[in-house]
Amino acid sequence: MSVGGIESFFSLKALSGWFGKTLIAILLAFTTLRYSFGIYAWRAAEKLEKPSYSVVKFLPGGVELRQYDPYLIAEVTCSAEGFREPTKEGFQACAGYIFGKNEPRRRNNNGEISSEKMAMTAPVRTSARTIAGEKMAMTAPVRSAGGIGDETNDNKNSWFGNKKKNTKVSFVIGSKYTLSTVPRPKNKNVRIRQVKGHLLAVTSFSGKPPSDERVKKERSRIDDALSQSGLNPSIENGDDETFVYGYHDPFITPNLLRKNEVAVMVCEKSAKEIMDEDWLSLTE
């Protein structure tokens, strides 16, 4: 190799070394910025108002039994099926209501009726009615049926109860409002209603918004825990609701810090037969 060739080789090597170091520095800076924003978003979400509840019992399998106080929600029934697909449609409608697409029941200081920007709360709730009695067979048999994520309607409906517009997305409304003071939604698809005090069996886990398959696995855990504890899910018209609660945004907050919950309302009649006086005092 000539002297000129050797000089060119070392020049390219030095250039590539400089470029590599620069690229690494950029990636590190981007990662630091990304997680800084993510941690900021997580901290902001942790400060949001949430429904009030008391933990009354720990069930097998890490399932928590909670007694919730009543609270208001803004709710949309979605045309899509499952737990992840309808979220965008429902989120946009509920967020629009919270952030100003509403009509306050009182006039402002100028005697005008203008929209009201309401405080954000947590969690974002997604729920779907599922066939009662199907949950204990959700693991192995579901694989042969295709599960929720399958393309065929027959397999999709096997767990969702053969119903269209089955999934609901809702935002919790701040406790400062009542049914008589909460602003009216301009979007006719947004419904305001009160969730009564209830008993809820809950599993919690971190990560990205759960897939339908993950929801089914968590629901199976809850059903096993209820069965072992002598409790029953609350059933209406032959089916019950599975809830998914998301406490953080799905984009900025790192998955490690994101909190998700899958939950089922529990029949309080079955609970009263086995629970102690401490829990009974909470429901009176």
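Residues numbered from 1 in each chain as written. Predicted model: local features only at pLDDT ≥ 70, side-chain atom pairs only at ≥ 80, totals over all residues. Heavy atoms only, no water.

1. Digging into the environment of Glu261
Inspection of the secondary structure puts Glu261 in strand 11 (residues 259–265). Judged by its relative accessible area of 0%, Glu261 is buried. Separated by 60 residues in the primary sequence, Glu261 and Ala201 have C-alpha atoms spaced 10.0 Å apart. Leaving out residues up to four positions away in the same chain, Glu261 has contacts with Arg66, Val202, Thr203, Ser204, Phe205, Phe243, Val244, Tyr245 and Tyr247. Engagement of the side chain of Glu261 in a polar contact is seen with the side chain of Lys259, the distance being 3.5 Å. (Helix = DSSP H or I, 4+ residues; strand = E, 2+ residues; numbered from the N terminus. Buried < 20%, exposed > 50% of the residue type's maximum accessible area, 1.4 Å probe, protein only. Contact = heavy atoms within 4.5 Å. Polar contact = N/O pair within 3.5 Å; in protein donor to acceptor, adjacent residues only side chain to side chain.)

2. Here's the deal with the pattern of salt bridges
Within this structure, the stated rule accounts for ten salt bridges. Two residues, Arg66 and Glu64, come together in a salt bridge whose shortest N-O distance is 2.6 Å. Put simply, Lys259 and Glu261 hold a salt bridge, and the shortest N to O gap is 3.5 Å. Assessed through its relative accessible area of 30%, Lys259 is described here as partly exposed. (Salt bridge = Lys/Arg side-chain N within 4 Å of Asp/Glu carboxyl O.)

3. Here's the deal with the packing of aromatic side chains
Applying the stated criterion to the full structure yields four aromatic pairs. Considering the side-chain rings of Tyr53 and Tyr68, the 4.9 Å spacing of their centres and the 35° angle between planes classify their relative orientation as tilted. Linking Tyr53 in strand 1 (residues 53–59) with Tyr68 in strand 2 (residues 63–68), this pair joins segments that are 15 residues apart in sequence. Ring centres of Phe91 and Phe171 lie 5.1 Å apart, and the angle between their planes is 65°; this geometry places the pair in the edge-to-face category. Note that Phe91 is positioned in helix 2 (residues 87–98) and Phe171 in strand 6 (residues 167–173), a separation of 80 residues in sequence. Relative accessible area serves as the criterion here: at 37%, Phe91 is assigned to the partly exposed category. (Phe/Tyr/Trp six-rings, centres within 6.5 Å; stacked < 30°, edge-to-face > 60°.)

4. Re the nonpolar core
Ranked by internal contacts, the top residues of the largest apolar core, which has 18 residues, are Leu59, Leu65, Ala201, Ile222, Leu226, Leu231 and Val266. Where this core is concerned, the elements lending two or more residues are strand 2, strand 9 (198–206), helix 5 (212–229) and strand 11. By residue number, the principal contributor to this core is helix 5, which donates four residues. Counting 17 residues, the second largest nonpolar core, distinct from the first, contains Ala74, Ile98, Val169 and Phe171. (Core = buried A, V, L, I, M, F, W, Y, C linked by side-chain atoms within 4.5 Å.)

5. A short note on the confidence of the model for the protein chain
The share of residues in the protein chain with pLDDT of 70 or more is 71%, and the mean pLDDT across the chain is 78. Taken as a whole, residues 133–158 scores under 50 in pLDDT and shows 39 contacts with residues more than four places along the chain or in a different chain. (pLDDT = per-residue confidence, 0-100.)

6. Regarding the environment of Leu200
Note on placement: Leu200 falls in strand 9. It is 9.6 Å that separates the C-alpha atoms of Leu200 and Tyr53, two residues lying 147 residues apart in sequence. Filtering out sequence-adjacent residues up to four positions away, Leu200 remains in contact with Glu64, Leu65, Arg66, Tyr68, Tyr245, Ala263, Val264, Met265 and Val266.

7. Let's talk about helix 2
Helix length check: helix 2, at twelve residues, gives a terminal C-alpha distance of 16 Å against a target of 16 Å (1.5 Å per residue), a fit within 8%. Three or more residues of helix 2 are buried, namely Gly90, Ala93, Cys94, Ala95, Gly96, Tyr97 and Ile98. Where helix 2 is buried, its residues meet strand 3 (71–77), strand 4 (102–103), strand 6, strand 7 (184–185) and strand 8 (191–195). Gly100 occupies a position one or two residues after helix 2 and carries a positive phi of about 140°. (Expected span 1.5 Å × (residues − 1).)

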